[in-house]
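Survey of secondary and tertiary structure
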Amino acid sequence: MDINKKKLHRFWPLKAFFVLALFFISLDVMAQHNQMATSPINQILKNIHPPQFKKAIYNITSFGAVADGKTDTKAVFDKVINLCSVNGGGQVTVPKGVYFIAGPIVLKSYVNLHFEDGAELVFSSEAKDYLPAVLTLWEGTELYNYSPLFYAYQCSDIAITGHGTVNGSASKNFATWRPQRSAEQNKLRQMGSDGTPVYQRVFGDGYHLPPDMIQFFGCKNVLIDGITITDAPYWVIHPVLCNNVTVQNVTINSHNLNNDGCDPEMCTNVLIQHCDFTTGDDGIAIKAGRDQDGWRIGQPTENVIVRDCVFNSKTNGLCIGSEMSAGVRNVYMYNVHIRKCLSAIYFKSNLDRGGFIENIHVNNVQCDSARSAFIRFENNYHGSRGGHYPTSFNGFTIENVTCKHSGEVGIYAVGVEGNTLKNIILKNVAVLNTPGDEVVAFAEELKYFGVVINGVRLAKPVNTGVVALKTD
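Residues numbered from 1 in each chain as written. Predicted model: local features only at pLDDT ≥ 70, side-chain atom pairs only at ≥ 80, totals over all residues. Heavy atoms only, no water.

**Here's the deal with the overall build of the protein chain**
If you tally the helices and strands in the protein chain, you get five helices and 32 strands. The C-alpha atoms of the protein chain give a radius of gyration of 26 Å, which matches the 23 Å a tight globule of 472 residues would have. Expressed as lengths along the three principal axes of its C-alpha atoms, the size of the protein chain is roughly 95 × 65 × 40 Å. Across the 472 residues that make up the protein chain, the buried fraction comes to 56%. In the protein chain, the share of contacts with a sequence separation of at least 24, taken over all contacts with a separation of at least 6, comes to 75%. Carbon and sulfur atoms make up 54% of the accessible area of the protein chain, which amounts to about 19500 Å² in all. Positive and negative side-chain charges in the protein chain, numbering 41 and 42 respectively, have mean positions lying 8 Å apart. (Helix = DSSP H or I, 4+ residues; strand = E, 2+ residues; numbered from the N terminus. Rg over C-alpha atoms; globule rule 2.2 N^0.38 Å. Buried < 20%, exposed > 50% of the residue type's maximum accessible area, 1.4 Å probe, protein only. Contact = heavy atoms within 4.5 Å. Areas by Shrake-Rupley, 256 points an atom, 1.4 Å probe, with all protein chains shown as cover. Lys, Arg positive; Asp, Glu negative; His and termini not counted. Charge placed at Lys NZ, Arg CZ, Asp CG, Glu CD.)

Okay, structure coming up:
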């Protein structure tokens, strides 16, 4: 054997080692890739696809719309949207300019309503312009009420896109109404509780239950992308009984009472991403119907992703409830910055709701300031109709979350005797400054891993008994 062959023979064991090492590394990489591909988030994303539209373009100014901020364009929008839909769909374009509309935009299947840069749509503030009443959902109960400003019923492949602005003009009228704890609100809730047929629940004219800004009811393949929304009358974006919903790149700057940012309700396969909401109520509030009406409909909200968003909320940042009687499950919320809020990460229900909240995952959330609690679980607050149906809370993982200041307490986890909170993991949680570390009662299998509050590591939760918060 010559010298070169001897050297090659000497290095064979070393080469074999490196080959085997590379083989096992490649197996590990493949396993990680397969694990990512089959992760619950990716499985949900496989079912979420923005709708696609024909290339046909219908410019509203070609059909008589005038951008002077005062000429009513309602008839033009109705005509063009219907024409686009009947012809198989396409894009209805709102070019640069200020347009006034006395009544709702009613979208139809296969229509993308697109706002070009510099386009602004200003809605009428007159309640009568949103009649006749339409089938809608108001605080989790079905009824006939004023039309939402953007409305669609049982449509497929619809969108609102572009970089224009939509102005609800609600501060001039709708936002001055005070439905909370009113006789009208109670009448509707009692109808839901009694199982009154929906066709008999006629409100609207003569009542004061404000409509939502955007409500798509019973639709599939929905996209809201890029627009800016101001001065909304009530909940801002409220998809109801929808499947395959994407809300992205949306800016909300609306400070009226009950201005939740986005409230998917009884929906499946929802993606909310790259949004910036400044709101008069919750940033995100995931819902699923109220009490008996939610049970009757029976559609849980499930497979929801909220990611890469910024919220500045008068009340709560990331919220599930309180209308959630049909159940909420499989929710993933991550990469979120909450500037200011009442409670930052909040799961809420009362003793009338029933239903469940389960399999919830929250990761990488930063909160600058919460006036009440940073992390909050609460299924025990008082119901007004007997309080016999507490909600099941089971299966929460919250990790890698931080809060600079929480005004009352860092962690609030209060369940119900006989219906405890179950299976909650808090991991890598930091609250830099708060007067109270924790309030814990009726919580089963609540575990802390790396929970640090006021610089002190909490090894395990301490049962404090029920302590009411003061800032609600």
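**Focus: the pairing of strand β10 (residues 150-153)**
Bridge count for strand β5 (residues 105-106) against β10 is two bridges, and the pairing is parallel. When the bridges of β10 are listed, I105 appears paired with F150. By the bridge criterion, four bridges tie β10 to strand β13 (residues 214-217) in an arrangement that is parallel. Paired with F150 across the strands is I214, a residue of β13. (Pairing = 2+ DSSP bridges.)

**Some thoughts on the environment of I453**
Tracing the backbone shows I453 in strand β31 (residues 443-453). Considering only alpha carbons, one finds I453 and I411, 42 residues apart in sequence, at a separation of 9.2 Å. Once you skip the residues sitting within four places of it in the chain, I453 turns out to touch G410, I411, V431, T434, D437 and L458.

**Structural notes on helix α4 (residues 183-194)**
Here α4 spans 16 Å end to end across twelve residues, near enough to the 16 Å set by a 1.5 Å rise per residue. E184, Q185, L188, R189, M191 and G192 are the residues of α4 that are buried. Angular distribution of buried residues about the axis of α4 spans 155°; they occupy a single face of the element. For α4, the exposed residues lying more than 90 degrees away from the buried face are A183 and D194. Against the buried residues of α4 lie β8 (134-138), β9 (141-145) and α5 (291-297). Residue G195 follows α4 closely and has a positive phi angle near 75°. (Expected span 1.5 Å × (residues − 1). Arc of directions from axis to C-beta.)

**Some details on the sheet that holds β10**
Where strands meet in a sheet, backbone hydrogen bonds hold them as pairs that are either parallel or antiparallel. With parallel pairing, three strands are arranged side by side in an open sheet as β5-β10-β13. A strand with exactly one partner marks an edge of an open sheet, and here the two such strands are β5 and β13.

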